[in-house]
Amino acid sequence: SMTERVARLRQQSLDAVPSISSERAELLTGFYRQTEGRLMSAPVRRALAFQYLLEHKTICINEGELIVGEKGPAPKAAPTYPELCCHSLQDLDILNSREKISFVVTPQVRKVYEETIIPFWRGKTMRELLFSEMTEEWKAAYEAGVFTEFMEQRSPGHTVLDDKIYHKGMLDFKQDIQRSLDSLDYLNDPEAYDKQEELKAMSICADALIRFAERHAEKARELAGQETNPQRKKELERIAEICTHVPAHAPQDFWEALQYYWFVHLGVTTELNPWDAFNPGKLDQHLYPFYKKGLEEGTLTLSLIHI
């Protein structure tokens, strides 16, 4: 049977009204505006943009949660990706008013789009870049509805995670990255510079994710300090410990493994929008060793599901 906590969190999720959040769009636009004209490679620019997002986005820990982290500043507050495909005011009006799967667009969000987001990204989006390279025949077929091009709204998706993160922390990955950087052969490998920039970007992203988790630890400690319920206080203190350990280090138990995966999921889907999803792969197989260990140690109990 469902625990009272899960039932409450499920209901909270069902009751949350989907809305469009302009937070990511505003932060990203701010970053690109600040770094305009600065010479840097595309991977490093994307990595620094990602770092900026994770350093500044709202940290949200909802009541009763044990696994923490939200894609937007609140449940069902959907971020947008103007660098990929910038919403028009008409798009926002449709999202706000359509009968099926509507998203609330507040006057404030609409204003931010009108005054800041749309003017900045006009002519700069990936969608516009791609469309400018297509032939007139392709564009005519597209306009006629011969096909739909989903990639105008999303980055390439169908990405499936393997089990690396359950064996290594981001600090371990950073060591691997450094070893690869140290072994680059600039004299004989014509791709050495490109590899260097990609590896540097990967290292920045690893740091960014560690910092994102630390910000959740800070928030959990702050909430624990205000908490009057001793049980919840203990949970928040444990959450702070977990967010300090993962994703910097390899997970040690089931709770840490789940939290680590969730931070990686949020990282991937915050950096860009891969078909709205990021597949955890064989999550049952990845988590089973942690589950088995937890049962053996008595830190986990079997929940009986009555059908």
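Residue indices begin from 1 for each chain and proceed along its sequence in written order. Local features are withheld for residues below a pLDDT of 70 in this predicted model, meaning they are given only at 70 or higher, and side-chain atom pairs are given and counted only at 80 or more; totals for whole chains, interfaces and linings count all residues. Remark: hydrogens and water are excluded; side-chain values derive from all non-hydrogen atoms of the structure.

## What about the packing of aromatic side chains?
Working step 1: Think of it this way: a Phe, Tyr or Trp ring, Trp meaning its six-membered ring, pairs with another when their centres are within 6.5 Å, and the plane angle makes it stacked under 30 degrees, edge-to-face over 60, tilted otherwise. Enumeration over the complete set of coordinates arrives at 13 aromatic pairs.
Working step 2: Between the aromatic rings of Phe-120 and Trp-121, the centroid separation amounts to 5.0 Å while the plane-to-plane angle is 80 degrees, which identifies the pairing as edge-to-face. Pair check on accessibility: Phe-120 and Trp-121 agree, each one buried.
Working step 3: Taking 5.5 Å as the distance between ring centres and 5 degrees as the angle between the ring planes, the aromatic pair formed by Trp-138 and Tyr-142 counts as stacked. Between buried and exposed lies partly exposed: a residue is buried under 20% and exposed over 50% of the maximum accessible area for its type, with that area taken using a 1.4 Å probe on protein chains only.

## A few points about the packing of helix α4 (residues 89–97) against helix α5 (residues 107–121)
When two helices pack together, their arrangement is captured by the angle between the axes and the distance separating the axes.
Working step 1: Helix axes use the C-alpha atoms of the stretch in contact, all axes being lines fitted to C-alpha atoms, and the angles between their N-to-C directions lie in the range 0 to 180 degrees. A helix here means a DSSP run of H or I that spans at least four residues, while a strand means a run of E at least two residues long, and both kinds are numbered starting from the N terminus. Following both chains from N to C, one finds α4 and α5 inclined at 155 degrees, their axes separated by 10 Å at the closest point. Judged on the interaxial angle alone, α5 and α4 are roughly antiparallel. Considering the relative orientation of α4 and α5, their crossing is right-handed. Side by side, α4 and α5 meet where Leu-89, Leu-92 and Asp-93 of the first sit next to Arg-110, Tyr-113, Glu-114 and Ile-118 of the second.
Working step 2: Only Asp, Glu, Lys and Arg are considered charged in this grouping, and only Ala, Val, Leu, Ile, Met, Phe, Trp, Tyr, Cys and Pro are considered nonpolar; every other residue, Gly among them, is considered polar. Here the contact of α4 with α5 is composed, by residue class, of four nonpolar, no polar and three charged. Angular relationships are summarised with four words: roughly parallel below 35 degrees, roughly antiparallel beyond 145, roughly perpendicular across 65 to 115, and oblique for the angles in between. Here is the rule for handedness: rotate from the far helix to the near one, and if that takes an anticlockwise turn smaller than a right angle the crossing is left-handed, while a clockwise turn gives right-handed. Residues are treated as being in contact if the distance between any of their heavy atoms lies within 4.5 Å.

## Structural notes on the side chain of Thr-35
Working step 1: Within the secondary structure, Thr-35 sits in helix α2 (residues 23–35).
Working step 2: Beyond its immediate stretch of four places on either side in the chain, Thr-35 contacts Met-40 and Arg-45.

## Looking at the nonpolar core
Working step 1: The criterion is simple. A nonpolar core is a set of buried Ala, Val, Leu, Ile, Met, Phe, Trp, Tyr and Cys residues joined through side-chain atoms within 4.5 Å. Grouped together as the largest cluster of nonpolar side chains are 35 residues, with contacts concentrated most on Leu-161, Ile-165, Tyr-166, Met-170, Tyr-260 and Val-264.
Working step 2: Elements with a contribution of two residues or more to this core: α3 (42–56), α8 (170–182), α9 (192–226), α10 (230–245), α11 (254–271) and α12 (283–297).
Working step 3: Ranked by the residues each element gives to this core, the list is headed by α9, at nine residues.
Working step 4: Discounting chain neighbours no more than four positions away, the residues touching Tyr-166 are Leu-161, Pro-251, Ala-257, Tyr-261, Leu-283, His-286, Leu-287 and Phe-290.

## Topic: the pattern of salt bridges
When their charged atoms lie close together, side chains carrying opposite charge are able to pair.
Working step 1: Salt bridge, as used here: a side-chain nitrogen of Lys or Arg that lies within 4 Å of a carboxyl oxygen of Asp or Glu. Evaluated as defined, the whole model comprises 23 salt bridges.
Working step 2: Its salt-bridge partner being Glu-4, residue Arg-8 comes within 3.4 Å of it at the nearest N-O pair. Here Arg-8 pairs with Glu-4, and both are found in helix α1 (residues 4–15), just four residues apart, close to one helical turn.
Working step 3: Look at Glu-4 and you get exposed, because its relative accessible area is 63%.
Working step 4: Asp-93 is paired through a salt bridge with Arg-110; the nearest N and O atoms lie 2.8 Å apart. You can see Asp-93 sitting in helix α4 and its partner Arg-110 sitting in helix α5, a full 17 residues away along the chain.

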